[in-house]
Structures are given as structure tokens and as C-alpha cells.
Amino acid sequence: MSGISDTERMITLKTVEGTLFDVKSSIAKDLKTVQAFIDDSDDDVTSPIPLPNVFTRELSRILDYLNNHHRFRSGIEKADEEMARYDAEFAKSMSHEELKALILAANYLNVKDLLEFLNQTVADVIQNKSVEFVRNFFGIENDYTPEEEEKLRNENEWAFNGVEQD
Amino acid sequence: MHESDECDLPEDLIWEILLWLPGRLLLLLRTVCRAWNSFISSHEFVMHHHQRSTQPRLVYCSLESEGLDIMQCSVSSLLYNQLQPTRIEPLHIKYKSIQGSCNGLLCLCEGLPYKNLTLFNPCTRWVSLIVPFEYPNGDDRHPVFCGLGYDALRNKYKFVTCSKTSITVGGLGSRAIVCTLDANPSWKTVDHPMFPYFTWCHSGTFVNGTLNWIAHDPSKNREDDDPFRLLLEYFILTFELETESFGRLRLPRNSFFGRLRLPRNNHTLSGFFEDVPSLHVLKNFLSICFHPAYDNTAAYTIWIMKEYGVEESWTIVLRIPFNGRIITPGNWLEPLYMSEDYILLAYGEFYRAKLLVYNFRRREVVHPMIDISSDSLSIYPLSKFSYGKFFHVYHESLVSCFP
């Protein structure tokens, strides 16, 4: 066994654009897809691990999130408030497109906690919005005829009150 | 249609996001497109969403100027909102009382003895057809117990009730009837090998595919030192929805619990029951609350059955000590809901108000602020010894079961 402890070991990740990121193995554990790749390799992984579906912007954000959360968790008491503030800033700093791109990356890399946080963030975004807003957000085409849509709306008349109109 | 920077999330990721949304919004989103309508209405999504729901609500029957109505308010607001009074919303369901709740559905009954029942989803406002009661042999005396449960195997909701038919020297004779609530509701009689017994919890507690009631076996009554007091042994009467069979479970301590104070004519059935324990669901566990008189401790003790059906798994989860002000030896208290962080909402006949919130970490007991302009909490029925559970807590769901 080498004298270097597990937490000091660095893993190198390579994004679509070819940017290299050095990541501590303790952080890499949260990227379950990467961890699975490491576990499956017989030898120590020395060359950069390619991530064909992940862009630099997304990986940078994910690592920022993980590094900060590790810091909050290993620290002392007050971390909960700091963490909440960080999370709020993190969510606000992204446009809707960036948010969706990050979800795709977090899903590919299998970063559970972050993915759950991002899902909740999107849920918050669409909370009091109209159906048309939601269609635009997710890029969905309406395949209902106007009559069918009218009928469905009437079935749940009361639920449409107090929501942004289209 | 899309710029190169735009990305669309695949369906399976979208479904995960939908699970976080409240029921009312999901109803709207059924009109996004056919695939969303199909998915949001699917049994799998509905059940998954219900399990994830973080919107518990408190409902109760209130006696308004025009008669009964059902009121609801947010449990989270009662627990955490110390700054603003909690708003109470009338549901405009008149003349019916709540006799059970399960998977976000409320079972409403009309008349006493029950004439008919209706299922209602307060979140989606879905209302079922009215189902008339069919008592065997015209046996329509006042119900002894009832409950709404869910048969997961057949995906059907069932209502079970039992009424006294005759009171014999040895105890009661009676029959239980079960109604399967689907497009063709049907009533049938179910065997009762457990008799005789008395029950208190009029409306059953549904957990783990079973309905549960507190009962006591009159053949096991024992005399106390006081000739006008009997000691009663309580047990939990269970009804499994899938097999439609009755059973029993032991309480945490296998000994005599309650006391029955007999009036001078020594007639058991008109006695005064002291300190009946109450059954509830807390954090998805079957839970029982003991009043301090039982074990002579100066605290209410709340137990949960960590593994349903395993009597050894009864564990104390919370003790609520007397604090000399709100919680005193003269009260009785019934837990209603316990949050993830163990903050408790309870109901009781306290000096100043009926609801209280207990935060064990801060050793704090407070009465949550209610917006009394919307309801003065004139809960019906008003007395502890009347029929039924007063409060029900339900978790939002999109469940509906038959047209």
C-alpha cells in the first residue's frame, strides 16, 4: 500500500471541451458515475477520465457545489445557515437554460443530493406559473386540440384560479 | 425550433421534478400535453407523489351557524409559523362528518346511524358518488367502530364498520360489514372471532395495510381495590384490508391499564372510562399515547411500533412532561402529527386553546396561533366522549377511485 492516504489522492476529469479538472478522491466519491468507473478499473486510474456528456461550465459548477458542501459538513455548528445561503445564491446564479443543463450533467454523473436540490429549485421556479410557461420551460408542444384543452380545464376549474394566466 | 444552447430534459427527469409539486399545480399541468396528463393520472405517479408529500393538513368538522362544515389548515403553518396566525379554510362540505382518512382521501358520513358515505379528496376536490349503507337484517344501530382503508393488492378502498346488535350477559354480539368502494360498491359481512370487546377509537387508524382500534376485553376485567372500579386490559384490534380478517396486537406493556369507574348501580356499560390510550399514525408508524396516570410518571408517553406487527418493536419516541402551565395532570392529550425533526402537534382540552405544539429540543409548549376570523375552532363534536375522532391529518394526494 502506498503511503498516501485515500483523501489526498487526486483524480483528473476531462470535459467535452478538453478542459482538465483535478478532483480529490473524496469529492469524486459523490460523482457516482466516476466512482463506478474507478471501482471497475483494475489498476489505479492515472490518465484523465473522459466525460463525453459533460461541459466545462457544468462540471465547474458541480465541483463548486460539492466542495462547498463538504466544507460545510466538516465544519462546526453554524454551517446550516451558511449552507442555506450558499444554496440560495447557487440557484439564483443560473438562468433556466443553465439550470436544465446542470440537471442533465448532475444526472449523468449521478450526483444525488445536487440533483434533488436542482429538482426542487425547478419545482420552485414553476410553482405559480401558467401552463404555457411550463410548456416553454420544458420545450413541450401542446398536442391537445383547443376543445380538449377547454374540457380538461373545466374539469378542474377551481385549481386554475389564483395562477398566472397564459 | 431550438437554439444550440437550449436543452430539453428527457421525460424521466421531468417526472422526478413533478414529484416535488403540490397537488393543485399538478392538476393544472395535466393540460400541458397528453403525455403529461397520462403520467400525472397514472397510479404509480399518484402513489409515489402521495408518499413524498410534505404538505400535511389538519381537517375537522366545525359547527357553523348553518350546521356542520369541514375546515382545513396547514400543519406546517401550525408547527413552524410563529409570526402569523394560521388561516383556516372552509371546504364547504355541509352536514357530513369525517369518519376515516387514508391516502389523502377523507371518508365522510351522513346521519347517525350512518345513512350514506362519500369519499372526498380535499386536495383535488374530487368527490365520489354517495354510497348508501346496507345494514344486514336492518341492523342499523349506532356504530361501534369504523374506518377507511386501502387494499394495495387489489387497488381498492374499503370502508369497514361494526354495530352492536344485541347486548348479552357475556358481552356483545355483532357483525362487521365491509364495503368495497369501486364502480359497483358492494357490502358484505365479515366474521368476528375476537368478540366480545368494547372499542373506543371510533375511526380506525390506517397504517401498513391495516386498520387499528383500541379495544378491551370485558371477560378480562379485574377488580381494583376500590369496589367501584374495574381494571381493564386494552389491546389493539386490527383489520387487514387485503385478507379482510381481524386480529389483535398487544400494547407496549402487557398489563392492565385503564380504569372503569362504575356508577353506583354497578352497570358496566354506563361506567366512566378513565385514561383511554389513543392510537395515531406518527411518522408512518402506528403510535399510542399513554396518559400519565398509567405509569405514575409526570409525563405523557408516546410509543411507536417501529416494525408493524412486531410487538417487541414498541419504542418510546417522546415524553411530554408536565410543565405546570399548559400541560398539567388534569388534561388529556392526543398526538396528531410529528414532523421529521420530532416536533409534535397535539390536541387536548387545555385551558386556553385546543391545539398545542411541543418542541422537545427547546422544551417549549405553545398554542399555535389560529386566525380566528376564519373559524373560532368550534369543533364538532365538542366533548371528548362524543363520537369520532375530532381531528384528522391527511397528506396531499391526487387519488380518486371511482366515478
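These figures come from a predicted structure and were not determined experimentally.

A. Fine view of the overall build of chain B. Scanning chain B for helices and strands turns up 5 helices and 30 strands. A total of 403 residues make up chain B; the buried ones form 56% of that total. Across chain B, the fraction of contacts at a sequence separation of at least 24, relative to all contacts at a separation of at least 6, is 52%. Looking at chain B as shown, the accessible area adds up to about 17800 Å², and 50% of this sits on carbon and sulfur atoms.

B. Structural view of the sheet that holds strand β29 (residues 364–366) of chain B. All names here are of chain B. Within the open sheet, the 4 strands sit side by side as β26-β27-β28-β29. Their pairing is antiparallel. Here the strands that pair on one side only, and so sit at the sheet edges, are β26 (333–338) and β29. Taken over all neighbouring pairs, the strand axes of this sheet differ in orientation by 25 degrees on average, direction set aside. Bridge count for strand β27 (residues 343–348) against strand β28 (residues 355–359) is 5 bridges, and the pairing is antiparallel. For Tyr347, the partnering residue across the bridge sits in β28 and is Leu355.

C. Looking closely at the side chain of A:Thr12. Residue and element names in this part refer to chain A. Along the chain, the position of Thr12 falls in strand β1 (residues 10–14). Using a relative accessible area of 18% as the deciding quantity, one classes Thr12 as buried. A polar atom in the side chain of Thr12 sits 2.9 Å from the side chain of Asp22.

D. Expanded view of the sheet that holds strand β22 (residues 278–282) of chain B. Residue and element names in this part refer to chain B. Strand order in the open sheet formed by 4 strands is β22-β23-β24-β25, and the pairing between neighbours is antiparallel. Both edges of this open sheet fall to β22 and β25 (314–321), since each of them pairs with a single strand only. Neighbour to neighbour, the strand axes of the sheet diverge by 30 degrees on average, direction disregarded. With 7 bridges connecting them, strand β24 (residues 299–305) and β25 associate as antiparallel partners. Along β25, the bridge assignment pairs Tyr300 with Ile320.

E. Spatial organisation of the packing of helix α5 (residues 96–109) of chain A against helix α6 (residues 112–126) of chain A. Residue and element names in this part refer to chain A. The contact between α5 and α6 brings their axes to 9 Å, and the two run at 150 degrees. The angle between α5 and α6 places the two elements in the roughly antiparallel class. The handedness of the crossing between α5 and α6 comes out as left-handed. Residues His96, Leu99, Leu102, Ile103, Ala106 and Asn107 of α5 form the contact with α6, whose own contacting residues are Leu114, Leu115, Leu118, Asn119, Thr121, Val122 and Val125.

F. Main features of the interface of chain B and chain A. With 30 residues of chain B in contact, the opposing surface of chain A contributes 38 residues. Counting the surface lost from both chain B and chain A, the interface buries some 3100 Å², and carbon and sulfur atoms represent 66% of this. When residues of chain B are sorted by the area they lose upon contact with chain A, B:Trp20, B:Thr31 and B:Arg34 head the list and together hold 21% of the total. Counting across the interface, chain B meets chain A through 1 salt bridge. Its salt-bridge partner being B:Arg34, residue A:Glu148 comes within 2.7 Å of it at the nearest N-O pair. The interface formed by chain B and chain A includes 5 residue pairs in polar contact (both at pLDDT 80 or more). The set of elements that each furnish at least two residues to the side of chain B that touches chain A consists of α1 (11–18), α2 (23–29) and α3 (34–41) of chain B. In terms of residue count, the dominant contributor to the side of chain B that touches chain A is α2(B) (5 residues). Considered class by class, the residues forming the side of chain B that touches chain A number 18 nonpolar, 4 polar and 8 charged.

G. Here's a closer look at helix α3 (residues 56–74) of chain A. Residue and element names in this part refer to chain A. Given a rise of 1.5 Å per residue, 19 residues ought to cover 27 Å, and the 27 Å separating the end C-alpha atoms of α3 matches this to within 8%. Among all positions in α3, only Thr56, Glu58, Leu59, Arg61, Ile62, Leu63, Tyr65, Leu66, Asn68, His69 and Phe72 are buried. Along its buried surface, α3 packs onto β1, β2 (20–24), α1 (25–28), α4 (79–92), α5 and α6.

H. Expanded view of the side chain of B:Ser203. The residue B:Ser203 is located in the loop between β13 (198–199) and β14 (205–207) in this model. Within the local environment of B:Ser203, its side chain forms a polar contact with the backbone oxygen of B:Gln99, the two atoms lying 3.1 Å apart.

I. A look at the nonpolar core. A:Leu118, A:Phe138, B:Leu18, B:Trp36, B:Phe159 and B:Leu181 are the most contacted members of the largest nonpolar core, which totals 106 residues. In contact with B:Leu181, other than residues within four places in its own chain, are B:Leu117, B:Leu119, B:Val131, B:Leu148, B:Tyr157, B:Lys158, B:Phe159, B:Cys401 and B:Phe402. B:Leu336, B:Leu355, B:Ile370 and B:Phe391 belong to the second largest nonpolar core, which has 19 residues in total.

J. A look at the environment of B:Leu117. Residue and element names in this part refer to chain B. Among the secondary structure elements, Leu117 is positioned in strand β6 (residues 116–121). Here the alpha-carbon distance between Leu117 and Leu129, two residues 12 residues apart in the chain, equals 8.6 Å. The contacts of Leu117, once residues within four sequence positions are left out, are Cys107, Leu108, Cys109, Leu129, Ile130, Val131, Phe133, Phe159, Leu181 and Trp187.

K. The arrangement of the pattern of salt bridges in detail. One pass over the full model with this rule turns up 22 salt bridges over all chains. With its nearest N and O atoms 3.0 Å apart, the salt bridge here joins A:Arg57 to A:Glu58. The exposure class assigned to A:Arg57 is partly exposed, which follows from its relative accessible area of 33%. B:Lys188 serves as the salt-bridge partner of B:Glu244, at 2.7 Å between the closest nitrogen and oxygen. You can see B:Glu244 sitting in the loop between β18 (234–240) and β19 (245–249) and its partner B:Lys188 sitting in strand β12 (residues 186–190), a full 56 residues away along the chain. On the basis of relative accessible area, B:Glu244 is assigned to the buried category, the value being 15%.

L. Geometry of unusual backbone geometry. At A:Asn110, a residue that is not glycine, the phi angle is positive and equals roughly 60 degrees. As for its position among the elements, A:Asn110 is in the loop between α5 and α6. With a phi angle near 50 degrees, B:Lys283 is a residue other than glycine that sits in the positive phi range. Mapped onto the elements, B:Lys283 comes out in the loop between β22 and β23 (285–290). Given the relative accessible area of 22%, B:Lys283 is considered partly exposed.

M. Region of interest: the packing of α3(A) against α5(A). Residues and elements named next belong to chain A. Interhelical geometry of α3 versus α5 gives an angle of 75 degrees and a closest axis separation of 9 Å. By the angle between their axes, α3 is roughly perpendicular relative to α5. Residues Arg57, Glu58, Leu59, Arg61 and Ile62 of α3 form the contact with α5, whose participating residues are Glu98, Ala101, Leu102, Ala105, Ala106 and Leu109. Here the contact of α3 with α5 is composed, by residue class, of 7 nonpolar, no polar and 4 charged.

Parameters at a glance
- Residues numbered from 1 in each chain as written.
- Chains lettered and ligands numbered in written order.
- Predicted model: local features only at pLDDT ≥ 70, side-chain atom pairs only at ≥ 80, totals over all residues.
- Heavy atoms only, no water.
- Helix = DSSP H or I, 4+ residues; strand = E, 2+ residues; numbered from the N terminus.
- Buried < 20%, exposed > 50% of the residue type's maximum accessible area, 1.4 Å probe, protein only.
- Contact = heavy atoms within 4.5 Å.
- Areas by Shrake-Rupley, 256 points an atom, 1.4 Å probe, with all protein chains shown as cover.
- Pairing = 2+ DSSP bridges.
- Axes fitted to C-alpha atoms, helices over the stretch in contact; angles between N-to-C directions.
- Polar contact = N/O pair within 3.5 Å; in protein donor to acceptor, adjacent residues only side chain to side chain.
- Parallel < 35°, antiparallel > 145°, perpendicular 65-115°, else oblique.
- Left-handed = near helix turned anticlockwise from the far one by under 90°.
- Buried area = accessible area lost by both parts, 1.4 Å probe.
- Salt bridge = Lys/Arg side-chain N within 4 Å of Asp/Glu carboxyl O.
- Nonpolar A, V, L, I, M, F, W, Y, C, P; charged D, E, K, R; others polar.
- Expected span 1.5 Å × (residues − 1).
- Core = buried A, V, L, I, M, F, W, Y, C linked by side-chain atoms within 4.5 Å.

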